Amino acid sequence: MPEATGGSVKGGVRGRTLAQVYRRFGEGDALKISPLYARMAIALSESPEALRVIENAPPRRRHPTVILAALHDLALSGQASDLAAAFATANATAATSGADGVDVVGAVGVGVVERVGELVLGVGAGRKVRGDEGGRHAVLYPAVAEVARRVGAASVGLIDVGRPAGLNLTVDRVGISYSSGQSLGDSGSAVQVSASVVGDGLVPLLAVPEVAARIVVDVDPVDVTEVDEARWLRACVPPDQVERLARLEAELALAAAAPPVLVRGGVVDVLPEALALVPDDVLPVVITTWALSGLDLEGRLRFLQRLDEAATRRPVAWVSVEGVGVAPGMPTFGDRRASGHSIIGLGVFDHTSLHATAVGRCWLRGEMLAWLADA
């Protein structure tokens, strides 16, 4: 192993040393989203002792996103109170003076790694860094309401596929405002979201019917009622993204008030189990939001087969928000693949037939949409 001047080659990525990985992250990806994380990553890259600690983690657990989330988790849990104070000071400084206020954070973060390195590595061990777990309510609310109307359903059972925390499942309990002046949902909810509407189409002002079941399907679902798991979701959001953290906090509280049933496993394998949990007189609505891209074509076709097999006794609905051409059988308005937007699609399986309709496009993970169902 080289001298402790910047991490060993085996700790790096594609031939870069670990120090280079952290510096590149701090000067690139992190700088775009979080000045705090950028400063911390660069500070870690300059600390041979901290890098030696990080090198004790398995290769995939050494990445800056894992270590920074672990540090945030320790701050949130009270096990790194000095780092929590540094985060709060930096955020307050940025809010009052416009200054970044991040210089001290890097030094404090390095100190935590050097002081309790095993604890830092333990927090990040075996955990996935959750990129963005917020619900996609502005897109899903009108889509769920519309597909229920088409079937004539008085109640629905929502099955969220590939979103581990199932925050999409609170769609009926949030408030939504659109740039068109329209609003949907509960204006008194603690979770309020907004979205821009593109074009002349207006979202349908239909209410989501009674939700009789809430179910998560994922290989590694998150129990939002479990303190450590919920805190890890918060820890995966940079501490200087204050508004995003506040919204996630509200969404987690809303989800914990009516926690979903967790079905663990690959979607193709366990989807029948999840569908069977929906009462017979309730319309199952399977939701995929950028989830099917994780399956190969065979897996996506088997996913459709599972929905089709479940529709022999009652209709089964599918709300799809996926990249162009990702959802098999879903129309695409003739759009090209990798066109930079996603298709909002509705599917109804009924007695081995699929009635699929594209109702809109969306961008920025649902923060901007064009409703085209009447076009």
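The following paragraphs examine the structure supplied in this document. (Residues numbered from 1 in each chain as written. Predicted model: local features only at pLDDT ≥ 70, side-chain atom pairs only at ≥ 80, totals over all residues. Heavy atoms only, no water.)

### Some details on the side chain of Glu146
Point 1. Its place among the elements puts Glu146 in helix H9 (residues 137-151).
Point 2. For Glu146, the side chain forms a polar contact with the side chain of Arg150, separated by 2.8 Å.
Point 3. When near neighbours in sequence (up to four residues on either side) are disregarded, Glu146 contacts Pro204, Leu206 and Leu346. (Helix = DSSP H or I, 4+ residues; strand = E, 2+ residues; numbered from the N terminus. Polar contact = N/O pair within 3.5 Å; in protein donor to acceptor, adjacent residues only side chain to side chain. Contact = heavy atoms within 4.5 Å.)

### Points about the pattern of salt bridges
Where charged atoms from two side chains of opposite charge approach closely, those side chains can pair.
Point 1. Scanning all chains against the criterion turns up 17 salt bridges.
Point 2. One salt bridge in this structure joins Asp220 and Arg130, with 3.2 Å as the shortest N-O distance. Of this pair, Asp220 sits in the loop between strand E5 (210-218) and helix H10 (227-235) while Arg130 is found in the loop between helix H8 (117-124) and H9, placing the two residues 90 residues apart along the sequence.
Point 3. Given the relative accessible area of 24%, Asp220 is considered partly exposed.
Point 4. Counted as one network, the salt bridges with shared partners bring together Arg23, Glu27, Arg39 and Glu46. (Salt bridge = Lys/Arg side-chain N within 4 Å of Asp/Glu carboxyl O. Buried < 20%, exposed > 50% of the residue type's maximum accessible area, 1.4 Å probe, protein only.)

### Considering helix H7 (residues 103-115)
Point 1. Between its first and last C-alpha atoms H7 spans 19 Å; for 13 residues at 1.5 Å apiece the expected length is 18 Å, and the two agree.
Point 2. Within H7, the full set of buried residues consists of Val105, Gly106, Val108, Gly109, Val110, Val112 and Val113. (Expected span 1.5 Å × (residues − 1).)

### Remarks on the environment of Glu146
Point 1. A relative accessible area of 8% means that Glu146 is categorised as buried.
Point 2. Residues Glu146 and Val203 lie 57 residues apart in sequence; the distance between their C-alpha atoms is 9.7 Å.

### Remarks on the packing of aromatic side chains
Point 1. Within the structure shown, the criterion is met by 1 aromatic pair.
Point 2. Ring centres 5.5 Å apart and planes at 75 degrees place the aromatic pair Phe303 and Trp318 in the edge-to-face group. A residue pair is termed long-range when its members are at least 10 positions apart, and Phe303 in helix H13 (residues 297-310) and Trp318 in strand E8 (residues 316-323) qualify at 15 residues. Of the two residues, Phe303 and Trp318, both sit in the buried class. (Phe/Tyr/Trp six-rings, centres within 6.5 Å; stacked < 30°, edge-to-face > 60°.)

### Quick notes on the layout of surface pockets
Remark: the empty space left among the atoms is shown by a probe the size of a water molecule rolled over them.
Point 1. Looking at the largest pocket, its volume works out to about 480 Å³.
Point 2. Lining the largest pocket are 24 residues, and of these Asp132, Arg136, Arg244, Arg247 and Glu367 lie nearest its centre.
Point 3. Residue assignment for the lining of the largest pocket shows that the elements contributing at least two residues are H9, strand E4 (192-197) and helix H11 (242-257).
Point 4. Class assignment for the residues of the lining of the largest pocket results in 8 nonpolar, 6 polar and 10 charged.
Point 5. Here the second largest pocket is characterised by a volume of approximately 380 Å³. (1 Å grid on protein atoms, 1.4 Å probe; cavity = no way out; pocket = protein on both sides within 12 Å on 5 of 7 lines; lining within 4 Å. Points joined across faces, edges and corners; volume = space filled by probe spheres on them. Nonpolar A, V, L, I, M, F, W, Y, C, P; charged D, E, K, R; others polar.)

### So, the environment of Leu369
Point 1. Position of Leu369 relative to the elements: it lies in strand E11 (residues 368-371).
Point 2. Leu369 gets classed as buried once you look at its relative accessible area, which sits at 0%.
Point 3. Excluding anything up to four places from it in sequence, Leu369 contacts Ala138, Val139, Tyr178, Ala195, Ser196, Val197, Val198, Val203, Ile344, Arg361, Cys362 and Trp363.

### With respect to the nonpolar core
Point 1. In terms of nonpolar packing, the biggest core is built from 42 residues, with Leu158, Tyr178, Val285, Val319 and Leu369 touching the most fellow members.
Point 2. If you tally residues by element for this core, the top one is H9, at 9 residues.
Point 3. Of all hydrophobic cores here, the second largest spans 40 residues; its members include Leu51, Ala75, Leu121 and Trp232. (Core = buried A, V, L, I, M, F, W, Y, C linked by side-chain atoms within 4.5 Å.)

### Observations regarding unusual backbone geometry
Point 1. One non-glycine residue, Ala338, adopts positive backbone phi at about 55 degrees.
Point 2. What makes Ala338 exposed here is its relative accessible area of 80%.
Point 3. With a phi angle near 55 degrees, Leu364 is a residue other than glycine that sits in the positive phi range.
Point 4. Inspection of the secondary structure puts Leu364 in the loop between strand E10 (353-363) and E11.

### With respect to the sheet that holds strand E1 (residues 155-161)
Point 1. The strand order across the open sheet built from 11 strands is E3-E2-E4-E11-E10-E9-E8-E7-E1-E5-E6, with neighbouring strands paired in mixed fashion. The open sheet has two edge strands, strand E3 (183-185) and strand E6 (261-264), and neither has a second partner. Geometrically, the sheet is characterised by an average inter-axis angle of 25 degrees between neighbouring strands, direction not taken into account.
Point 2. Note that E1 and strand E7 (residues 283-289) share 6 bridges and pair parallel. Within E7, the position partnered with Gly157 by the bridge is Pro284. (Pairing = 2+ DSSP bridges. Axes fitted to C-alpha atoms, helices over the stretch in contact; angles between N-to-C directions.)

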